[in-house]
Every structure is written in C-alpha cells, then in structure tokens.
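Commentary on secondary and tertiary structure
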Amino acid sequence: MPGSDSEYQQYLDVFKGDVTHAAFVAWLEQFEEEDRPTMLALVRAFKYLSLQDVFLLLDDLYDKLRKHHGLAPESTWFVPCGYVAKSGDAVAYFFKRRNALPDNAFLRASDLTESRLRERPNVVFVDDFVGSGQLIARTIDELVIPLRLRVPKARFVFGTMLAMVRGLRRFDDQTQIEFCTSMIVDTSSEPFSENSVVFSTAEARIDAERRVRKYTERLSPKSPLGYGGSQALIGFFFGTPNNTLPIFWRSSPDWRPLLPHGDALHDPRRLIDVPGDLQVRPSATRGPSPDDDLQDISREATSALFDSFQTLQNM
C-alpha cells in the first residue's frame, strides 16, 4: 500500500494539519485492502472545521443574528446548549470572545427565569451543530414553550455554526423558535443518500454502505451510520459529533479512530438543565450572580485553556 506523505497529502489536507501522516496511515491500515478506496472517498468528502474555521463561522453567526434577526446584544441572553464543560460551552466561550460580549449576557439554561426574560426578552441558544434535531426538540418542549406561556413577548432563537438539513426539516412548521445557522449541510453530503455527491450511482452507494457497515456494525451496533442514521462526515477540532460515521471517532480495544470524540457531545440524558420552577418536581437551586462566568474555573484558567487549542494534538 502506498504510504508517502505526497501520496496521501490530498487526504491530510482535509484535516488542515490536525492529523499526522502516521496517524492517517495507521487508521487506514485497519481496513481490508479492498475497502480502502471507499474509505478514502469518504475522507475526500469529509468536512473538518479547524479552530480558524470555527472562528469564521461564529463571526458569521453573530452577523446574521444582528442583521437578519435584528437582535441587539443589550436585550439578549445567550445560553450555551448541551451541558457543563461540553461543546456548547466551548462554542459559547469562543462566541463571547470573538464578539467582545460581556460575561453577564450569558446564562445557563437553568437560570433562564421569568424575571430575567422580562429584563431581556430575547434568548439565543448557542450550539455548535444540529444533527438529528433532538436537542432542539428538547429545548422547545422543556424551555421555550413553558417560558413563552409566562412571558408571551419573549423571543427565542436557536443559533448554531453548522446544521444538517435532516435535523432542521423536523421543525419546518415550528413557530415557537427561530433558527440561525452559519452553514447548512445538505443531504447530498450524506454518502448513502439518493442524491449523494460522494457516490454517484445507486450501485456504488449500496456497495460503499456495505463496506462501511462491515466495520461500524461491530463498532457501534445501535448506530452503525451515526446517531439517528445521519451518515454525517463532519468533525470539529475540539471533537466529533456522534452523528458522524463511527469509523472516524469510535474507539475500541481493536480500533483506533482517526479523530477524537471522548464523551458524547450531546448525551440525550443530559441535554439541557431546566430552571427549577419549570421542572415537574421543583428543586432549590443556587441563584447566579450577574457576573457568573460560563466556566466554573477562573476566567484566567479558561482563557489559557482555550488558547492552547491550536491543534488537534494539543487538544
């Protein structure tokens, strides 16, 4: 099998310096030789977002929120999605820094109370990625609808860097929440879909899916094509969504993934933290001070931590 840097450079370029030649070869050699051309075709179609890409998408997201949705920072709460210390936190932190937004404009979902909505009637839920749309559905059901009953004039926007069309289509008739997305991933990027641009014929798609399932049905029996059957080919420098094909991120004793994943970025059991007075069985929670930061560690430590995320190796 060829293995020089130049022979694999087009594939390494996809990951913008965050994957080494040695790591790529080690990953590719795990596949049977007859399956490797299919895996290389998937790599060519992969959408990898580096630190700089994330910054550019967040700049675009903020610009759209202001120009297309008419949101002013002084009348808006920004709420990280997901749960503490996961991707929503990271993206919200970058979003805050890139746009010089004050700390006290950011809240946890659990602190989004009626009184705060009367203070600032606009809410932007900040996230990195929409795949299946499950997080949006939970956010609408558990936060948006109950809060709107209490503050009818409140306005809610789900703002994300990147979204799959399949996830957004679940909410075509949604009136409870608006959507703002920097980049939309069409179904044509799903390698085994009917309008795939990755494999152009039905025969090629069937063959490619069979070859992929040979590995993913062992690696991820419940989601061999990614969570919800998403067939995603998407990764960020800080982690890979579980919507992406498991051959790229799932690890096991006999499988070395190409990209990091760690804990699931969107664990369905811990998607959002609802304010105490909206829960079925209210519990006493600590009230935040207006200058609570996004992280439980100091601002200095947080800044140093994220400033280190210049490459995947550092991460």
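Conventions we followed
Residues numbered from 1 in each chain as written. Predicted model: local features only at pLDDT ≥ 70, side-chain atom pairs only at ≥ 80, totals over all residues. Heavy atoms only, no water. Phe/Tyr/Trp six-rings, centres within 6.5 Å; stacked < 30°, edge-to-face > 60°. Helix = DSSP H or I, 4+ residues; strand = E, 2+ residues; numbered from the N terminus. Buried < 20%, exposed > 50% of the residue type's maximum accessible area, 1.4 Å probe, protein only. Arc of directions from axis to C-beta. Expected span 1.5 Å × (residues − 1). Salt bridge = Lys/Arg side-chain N within 4 Å of Asp/Glu carboxyl O.

Here we look at the packing of aromatic side chains
Within the structure shown, the criterion is met by 24 aromatic pairs. Aromatic pair Tyr62 and Phe95: ring centres 5.7 Å apart, planes at 80 degrees, arrangement edge-to-face. Note that Tyr62 is positioned in helix α4 (residues 51-67) and Phe95 in helix α5 (residues 87-98), a separation of 33 residues in sequence. Judged by its relative accessible area of 11%, Tyr62 is buried. For Phe95, a relative accessible area of 0% translates into the label buried. Arranged with centres 5.8 Å apart and planes meeting at 40 degrees, the rings of Phe171 and Phe179 form a pair that is tilted. The exposure class of Phe171 is buried, given its relative accessible area of 9%. Overall, the relative accessible area of 24% leaves Phe179 in the partly exposed class. Site record: aromatic cluster; members linked through ring pairs are Tyr8, Tyr11, Phe15, Phe24, Trp27, Phe31, Phe46, Tyr48, Tyr215, Phe248 and Trp255.

A look at helix α2 (residues 21-28)
Where α2 is concerned, the buried positions are His21, Phe24, Val25, Trp27 and Leu28. The arc that holds the buried residues of α2, viewed along the axis, is 160 degrees, so those residues lie on one side.

A closer look at α4
Look at α4: 25 Å from first C-alpha to last across 17 residues, which is about the 24 Å you get at 1.5 Å a residue. Within α4 the residues assigned to the buried category are Leu51, Asp53, Val54, Phe55, Leu57, Leu58, Leu61, Tyr62 and Leu65.

Points about the pattern of salt bridges
Enumeration over the complete set of coordinates arrives at 19 salt bridges. Among the salt bridges present, the one from Asp63 reaches Arg66, with a minimum N-O distance of 3.4 Å. Residue Asp63 and its partner Arg66 are both found in helix α4; the two are separated by three residues, about one turn of the helix. Taking relative accessible area as the criterion, Arg66 reaches 36% and is therefore assigned partly exposed.

Some details on unusual backbone geometry
One non-glycine residue, Ala100, lies in positive phi territory at about 50 degrees. Summarising the element assignment, Ala100 is placed in the loop between α5 and α6 (114-119). Given a relative accessible area of 68%, Ala100 falls into the exposed group. In this model, Gln231 sits at a positive phi of 60 degrees, which is unusual for a non-glycine residue. Along the chain, the position of Gln231 falls in the loop between α9 (202-219) and β6 (234-236).

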